[in-house]
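Commentary on secondary and tertiary structure
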Amino acid sequence: MAMDSLSVLLLYPVNAYLEQELDRRFSLLRLWEHSPPDSLFRAHGSAIRAVVGYPGHKVDAALLDALPSLEIFSSFSVGIDHVDLSECRERGIRVTNTPDVLTDDVADLAVGLAIAALRKIRQADRYVCAGLWKAKGDYTLTTRFSGKRVGIIGLGRIGLTVATRVEAFDCPVNYYQRTKKEYPNYTYYPSVVELAANSDVLVVACPLNEQTRHIVNREVIDALGPKGVLINIGRGPHVDEPELVSALVEGRLGGAGLDVFEDEPNVPEALFTLDNVVLVPHVGSGTHETRQAMADLVLGNLEAHVLKKPLLTPVV
Amino acid sequence: METTPQSHADEKPLVFLAQPLFPEFAAALAGRYRFVLAADADSATSAEARVLLVPGLAPVTAQHLARLPALQLVAGTSVGVDHVDLDTCRSRGLSVTNAGPAFAVDSADYAVGLVVAVLRRVAAADAYVRRGRWAADGDYPLATKVSGKRVGIVGLGNIGSRVARRLAAFGCAVSYHSRSPKPSSPYTFVPTLLDLAVGSDVLVLSCALTDERKYMVNREVMEALGKDGVLINVGRGGLVDEPELVSCLRDGALGGAGLDVYANEPAVPPELFGMDNVVLSDHRAVITPESMRGVLEVITANLDTFFSGRPLVIYRSTAMLRL
């Protein structure tokens with residue numbers, strides 16, 4: 001079966017290199033070039049055998065119904081909470097994601113956000129760039145990052161990589177996950193609330209599913225407390241966002257570094273005037289190097305599928 | 001001036017101040033020493049001063065020192081002592097102490113924070129969000145990975161060695177340049193600053209400012225670091241040719257910079273304000289309660305050792321500069 005006979009639907013222009021290569025290697029359809037989208041499904045739905053998607057577009061029964069010949073869904077992400085896996089499984093559709101290649105970037109950002117939030121790096125930059133640094137005697141005290149207790153929700157690939165980095169800052173590492181494992185240097189807590197109560201920095205690094213939705217709720221935020229800092233590099237729905245916002249505005253939570261939000265790209269404006277938060281637009285894997293590697297994984301998975309070889313990074 | 005009977009056992013030791021103490025320091029040190037601001041002292045009192053405590057970074061010149069004929073110790077509260085006339089101290093046989101390793105941890109943390117903030121565009125991406133551009137204009141442009149970058153550290157002392165350890169944990173390949181190699185260090189020694197810049201993606205300055213090192217990071221070094229290279233300075237502004245830095249950044253000859261120090265603080269070249277690849281701070285790397293407590297311990301240890309008549313030696317966490 002020739003590669004270029006594989007009809008691939010790309011749901012969104014996530015990455016120029018990916019799009020270019022999909023076009024070059026396969027027979028590419030672009031969802032956004034059809035208005036309304038239904039017209040594409042009517043015209044080409046039954047020919048499409050592969051879909052390349054991303055977290056912003058749900059893969060549910062409705063989409064799958066429109067693509068009766070679909071064989072494989074390849075997500076340009078490691079999170080696959082936007083995919084109805086049981087529907088895919090039932091219909092025999094393979095699903096792949098992009099693990100490992102983005103682990104370093106996400107962990108780097110998590111630690112960078114924690115330092116930035118505690119040391120108010122962003123506020124310093126705004127202060128200087130606004131021409132406000134007039135006298136050398138003016139100073140803002142911020143608290144040391146090294147040695148802070150770091151609590152990680154989910155010691156998977158990303159969580160463990162965060163742990164290794166913060167250990168170099170002499171941060172004691174605590175964690176919570178469904179099953180306790182033997183980590184001689186890390187302290188397990190049997191609940192997120194206890195983890196939060198015993199940590200200064202709480203990092204969300206677990207997958208999003210039914211059990212972990214709003215895993216950071218008011219009780220957890222209160223336990224983290226007025227000197228605690230929340231770092232979310234998971235998914236917006238991991239955190240009860242309205243509770244988070246009011247805790248930050250009222251000073252019941254010390255600070256936050258947020259890469260994800262419940263309703264991206266919308267970010268609660270009440271956060272915009274706060275100096276103890278760092279807000280970034282879902283850039284966890286947003287580097288040239290990593291996006292290229294993610295694209296290569298998507299392409300590699302599709303090629304393996306065509307060649308009937310084992311998929312590189314299957315989820316289903 | 002008071003004329004009270006001399007009762008040495010009751011009298012707190014006299015410490016001259018080059019500048020007023022920070023409020024946190026004044027509170028902590030008040031009960032232990034008798035402070036006199038050098039500028040306010042008459043010549044009789046000045047003739048008694050054996051110790052000059054130097055809060056902050058205002059210059060301590062030959063003239064200031066000349067007014068204190070009995071001076072034996074100049075105690076700085078910072079790590080850098082380039083604001084003190086060390087030649088005069090040397091020729092008069094004065095001891096000079098600094099903050100030792102008290103600030104090293106916070107300096108190193110801030111340097112790493114700047115590395116991530118510049119390479120991953122954290123400050124610029126945050127501004128993008130707060131200006132509503134994520135909803136209006138779509139995703140923020142791609143940045144570059146921190147992990148795996150080649151990091152060159154200038155000065156592998158207390159601060160540099162901590163920066164090295166932290167960035168090595170980020171998967172960076174760490175090399176360093178210093179006056180001489182450190183055999184116990186696991187990192188690669190590079191004999192010249194220029195060679196270090198050629199072989200690095202990120203150059204971190206964490207060394208003292210001396211006459212030989214003034215403006216050592218010049219256009220040649222910055223061009224060697226290159227259009228994707230990033231300069232991080234938590235040392236002293238004087239280590240860098242600042243006008244050349246600005247033009248290298250403007251021309252794209254240098255890829256980015258994270259700066260906590262400048263040639264003429266608090267003046268910062270305004271051309272840097274709008275650059276997304278530049279993160280600036282107001283010399284705050286060590287302004288934490290933890291560093292303040294640390295330097296107070298160093299100061300009191302040094303002063304108590306001095307006043308007890310014991311010879312000043314390396315005392316636990318303190319460092320005496322070998323002049």
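Throughout what follows, the structure given in this document is the object of discussion.

Rules used throughout
Residues numbered from 1 in each chain as written. Chains lettered and ligands numbered in written order. Predicted model: local features only at pLDDT ≥ 70, side-chain atom pairs only at ≥ 80, totals over all residues. Heavy atoms only, no water. Salt bridge = Lys/Arg side-chain N within 4 Å of Asp/Glu carboxyl O. Helix = DSSP H or I, 4+ residues; strand = E, 2+ residues; numbered from the N terminus. Buried < 20%, exposed > 50% of the residue type's maximum accessible area, 1.4 Å probe, protein only. Axes fitted to C-alpha atoms, helices over the stretch in contact; angles between N-to-C directions. Parallel < 35°, antiparallel > 145°, perpendicular 65-115°, else oblique. Left-handed = near helix turned anticlockwise from the far one by under 90°. Contact = heavy atoms within 4.5 Å. Buried area = accessible area lost by both parts, 1.4 Å probe. Nonpolar A, V, L, I, M, F, W, Y, C, P; charged D, E, K, R; others polar. Core = buried A, V, L, I, M, F, W, Y, C linked by side-chain atoms within 4.5 Å. Pairing = 2+ DSSP bridges.

One pass over the structure, following the stated rule, counts 40 salt bridges over all chains. The closest approach of N and O atoms between arginine 30 of chain A and aspartate 23 of chain A, which form a salt bridge, is 3.4 Å. Between glutamate 290 of chain B and lysine 148 of chain A there is a salt bridge, and its shortest N-O distance comes to 3.5 Å. On the criterion of chain membership, the pair formed by glutamate 290 of chain B in helix α12 (residues 289-307) and lysine 148 of chain A in the loop between α6 (121-129) and β6 (150-153) is interchain, its members lying in two chains. Per residue, the accessibility class of glutamate 290 of chain B equals that of lysine 148 of chain A, and both read buried. Salt bridges sharing common partners tie together Arg218, Asp222, Glu243, Glu250 and Arg252 of chain A.

Further remarks concern the packing of helix α1 (residues 16-25) of chain A against helix α11 (residues 288-306) of chain A. Residues and elements named next belong to chain A. Between α1 and α11, the shortest axis-to-axis distance is 9 Å and the interhelical angle comes to 25°. In terms of axis orientation, α1 runs roughly parallel to α11. Our pair here, α1 against α11, has a crossing hand that is right-handed. In this structure, α1 uses Tyr17, Leu18, Glu21, Leu22 and Arg25 to contact α11, whose residues at the interface are Gln292, Ala295, Asp296, Val298, Leu299, Leu302 and Glu303.

Another point: the environment of alanine 263 of chain B. Residue and element names in this part refer to chain B. Within the element layout of this structure, alanine 263 appears in the loop between β11 (256-259) and β12 (278-280). Between the C-alpha atom of alanine 263 and that of arginine 236, which follows or precedes it by 27 residues, the distance is 7.5 Å. Discounting residues that sit within four places of it in the chain, alanine 263 has contacts with Gly237, Gly238 and Glu242.

Time to look at the interface of chain B and chain A. When the parts of a complex come together, some accessible area is lost, and that lost area is often used as the size of the interface. Chain B puts 57 residues into the contact, and the matching count from chain A is 64 residues. Both sides of the chain B and chain A interface together cover about 5,200 Å² of buried area, and 60% of this is carbon and sulfur. Taken as a group, Arg120, Arg130 and Trp134 of chain B account for 16% of the area that chain B buries against chain A, more than any other trio of residues on that side. Here chain B and chain A share eight salt bridges between them. In this structure, the salt-bridge partner of lysine 149 of chain B is glutamate 289 of chain A, at a minimum N-O distance of 3.2 Å. Only α1 (23-29), α5 (104-119), α6 (122-130), α7 (133-137), α8 (158-169), β12 and α12 of chain B provide two or more residues apiece to the side of chain B that touches chain A. At nine residues, α5 of chain B tops the list of elements feeding residues into the side of chain B that touches chain A. Looking at the side of chain B that touches chain A residue by residue, the classes come out as 35 nonpolar, seven polar and 15 charged.

Glancing now at the environment of phenylalanine 306 of chain B. For phenylalanine 306 of chain B, the location among the structural elements is in helix α12. Sequence separation between phenylalanine 306 of chain B and leucine 239 of chain B is 67 residues; the distance between their C-alpha atoms is 32 Å.

It is worth spelling out the packing of α5 of chain B against α8 of chain B at this point. When two helices pack together, their arrangement is given by the angle between the helix axes and the distance between those axes. Residues and elements named next belong to chain B. α8 packs onto α5 with a crossing angle of 45° between their chain directions and a minimal axis gap of 8 Å. Compared by their axis directions, α5 and α8 come out oblique. You can see that α5 and α8 cross each other, and the crossing is right-handed. Note on element contacts: α8 touches α5 through Asn158, Ile159, Arg162, Val163, Arg166 and Leu167, opposite Ala104, Val105, Ser107, Ala108, Asp109, Ala111, Val112 and Val115. In terms of residue class, the contact of α5 with α8 is built from nine nonpolar, two polar and three charged.

Let's shift gears to the nonpolar core. Counting 146 residues, the largest nonpolar core has Leu22, Ile153, Leu230 and Leu302 of chain A as its most contacted members. Sequence-distant contacts of leucine 22 of chain A, defined by excluding residues within four places in its chain, comprise Val8, Leu10, Ser27, Leu28, Val52, Leu299 and Leu302 of chain A. Formed by 35 residues, the second largest nonpolar core is a distinct cluster that contains Val128 of chain A together with Leu205, Val240 and Met275 of chain B.

All names here are of chain A. Read across the sheet, five strands follow the order β2-β1-β3-β4-β5 without closing on themselves; strand pairing throughout is parallel. Each of the sheet's edge strands pairs with one partner strand only, and the pair in question is β2 (27-30) and β5 (94-96). The mean angle between the axes of side-by-side strands here comes to 20°, regardless of whether they run parallel or antiparallel. Lying on the sheet, α11 is in contact with β1 (7-10), β3 (50-53), β4 (72-75) and β5; it crosses β4 at an angle near 165°.

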